[in-house]
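Chain by chain, the residues:
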Amino acid sequence: MGYLAGQNLTELTLSDVIALNPGIDLPAKRSLFRVYTLQTLGSVGANLLMFGIFFYMHKRFGWGANRNLPFSSAQGAAYVIGALAANPLSRRIEPKHLLRLIHLGMAILALVAVWAPTPTVIVVLLLGYVMLSAVQWPLLESLISTGANPAELSRRISIYNLVWSGSGAITVTTCGLVIAHFSQGIFLITVGVHLIAVLLPAQTSPHGEETSTLHLHPEQELIPLRTLAKRLSRIALPATFAVIYALGAIMPTLAVIQSTTPAARTLLAGVWMISRWFCFVFLGATVWWHTRPRALLIAAIVLLAAFLGVTLIPSMLAMILWQIVLGIAMGLIYSASLYFGMVLSDGSTAQNSYHEALIGLGSILGPGCGAIAGQLRRGDPHAAIIAVAAILWISVMAACVVSVQSRRR
């Protein structure tokens, strides 16, 4: 009770409530498996319509970076709104019902896009889709983190990251085949995965036969390191997704990508996703990064260098190698933001919403600044790339300031 006495009762997390009422069960393997299944289905749909869509728009309507970048930035704004809505919605609607409604809504929006495939309709529908998609992730993250001690939380987050990134990598690298042979297939597949999610058994509440030992008292000596790691990772997280969604909009027009067949383009453009997945495997098997927050500063610098390598060097080998480096930096930054945010907040939905909102912020800034730069310097193919690189440089500088300040304390 000493831990809870200093907290405002309105800020208690589900784990705090469980601590006060031991009769409440914690997530069992069965419940977690269902959460991971929902996560897989959500990841397939989200990657088709938030990354693969740029290749679809390029092939079907001839959209280049000048149109894809503003579209991507608008998706980022929708994502922020959805992410911040997750916590208040979860207080009004039981998560199992809310998740079902979200998947039903996403299935309906994708189905309309099948029958009305015009650029304006697709853009409007996808903004609604992205908003709904953003709501689901804080809910799922809270479900996997409830009641876990730091060691168990690290294991669950590792599985969580492997599931969404693995299904996303497979989806993106293979969707080029769908776009090349039946472009509307990306919407039909999306409808299918979300309908499967709707039809899954309704039990999503974290309970089961097995229970976990609660450790609500964090190790006091690690709090400064974890706090620094959280700050650094959440400075770098928007930059990471500025890169991801700027790349999504720019890559279809890069000469190296254009030199391949339409079916192979998303495979080449998805190398960083495969690299990120292997990084998650490594991070899940180790704990060294739990006590080395300044590794995130190095990752932010590497992120900048790798982005420039991928976009400016006209070589397929260089693009592949730099994407591998890019995926490693992204994997460390994302894992740290999610892990340290959860371990310092006991997995609250509100903190997970902030994590997802930072993703949306990056999705606004990267493509948005790229679009503005492209308009100001029409005809300059590098203007958008340099603008995104400037965001990354600001992120690196901010991370350096935070790191130096922490040493002075």
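Refer to the preceding data block for the structure.
Residues numbered from 1 in each chain as written. Predicted model: local features only at pLDDT ≥ 70, side-chain atom pairs only at ≥ 80, totals over all residues. Heavy atoms only, no water.

What to know about the overall build of the protein
Step number 1: Check the secondary structure of the protein and you find 17 helices and zero strands.
Step number 2: Looking at the protein as a whole, 57% of its 409 residues are labelled buried.
Step number 3: Entry remark: accessible area of the protein is about 16,600 Å², with carbon and sulfur atoms responsible for 69%. (Helix = DSSP H or I, 4+ residues; strand = E, 2+ residues; numbered from the N terminus. Buried < 20%, exposed > 50% of the residue type's maximum accessible area, 1.4 Å probe, protein only. Areas by Shrake-Rupley, 256 points an atom, 1.4 Å probe, with all protein chains shown as cover.)

Observations concerning the side chain of Gln323
Step number 1: As for its position among the elements, Gln323 is in helix 15 (residues 316–345).
Step number 2: Accessibility expressed as a relative area gives 0% for Gln323, which makes it buried.
Step number 3: Leave out the neighbours within four places in its chain, and Gln323 touches Met251, Leu268, Ala269, Gly270, Val271, Trp272, Ser275 and Val310. (Contact = heavy atoms within 4.5 Å.)

Regarding the pattern of salt bridges
Step number 1: Applying the stated rule across the entire model yields four salt bridges.
Step number 2: Among the salt bridges present, the one from Lys96 reaches Glu94, with a minimum N-O distance of 3.8 Å.
Step number 3: Take Glu94: its relative accessible area is 37%, and that puts it in the partly exposed class.
Step number 4: Connected through salt bridges with shared partners, the residues Glu152, Arg155 and Arg156 form a single ionic network. (Salt bridge = Lys/Arg side-chain N within 4 Å of Asp/Glu carboxyl O.)

What about the packing of aromatic side chains?
Step number 1: Taken as a whole and judged by the stated rule, the model has 16 aromatic pairs.
Step number 2: Taking 5.1 Å as the distance between ring centres and 85° as the angle between the ring planes, the aromatic pair formed by Trp277 and Phe278 counts as edge-to-face.
Step number 3: Residue Phe278 is classed as exposed on the basis of its relative accessible area, which comes to 53%.
Step number 4: Taking the centre distance of 6.5 Å and the plane angle of 45° together, the rings of Phe282 and Trp288 count as tilted.
Step number 5: Taking the relative accessible area as the measure of exposure, Trp288 reaches 31% and is therefore partly exposed.
Step number 6: By the ring-pair criterion, three or more aromatic residues cluster together here, those being Trp164, Phe241, Tyr245, Phe280 and Tyr334. (Phe/Tyr/Trp six-rings, centres within 6.5 Å; stacked < 30°, edge-to-face > 60°.)

A closer look at helix 5 (residues 65–92)
Step number 1: Here helix 5 spans 40 Å end to end across 28 residues, near enough to the 40 Å set by a 1.5 Å rise per residue.
Step number 2: Residue Ala86 marks the point of greatest curvature in helix 5, where the axis turns by about 40°; the proline Pro88 follows within four residues. (Expected span 1.5 Å × (residues − 1). Bend = angle between axes of the 7 residues up to and from the residue.)

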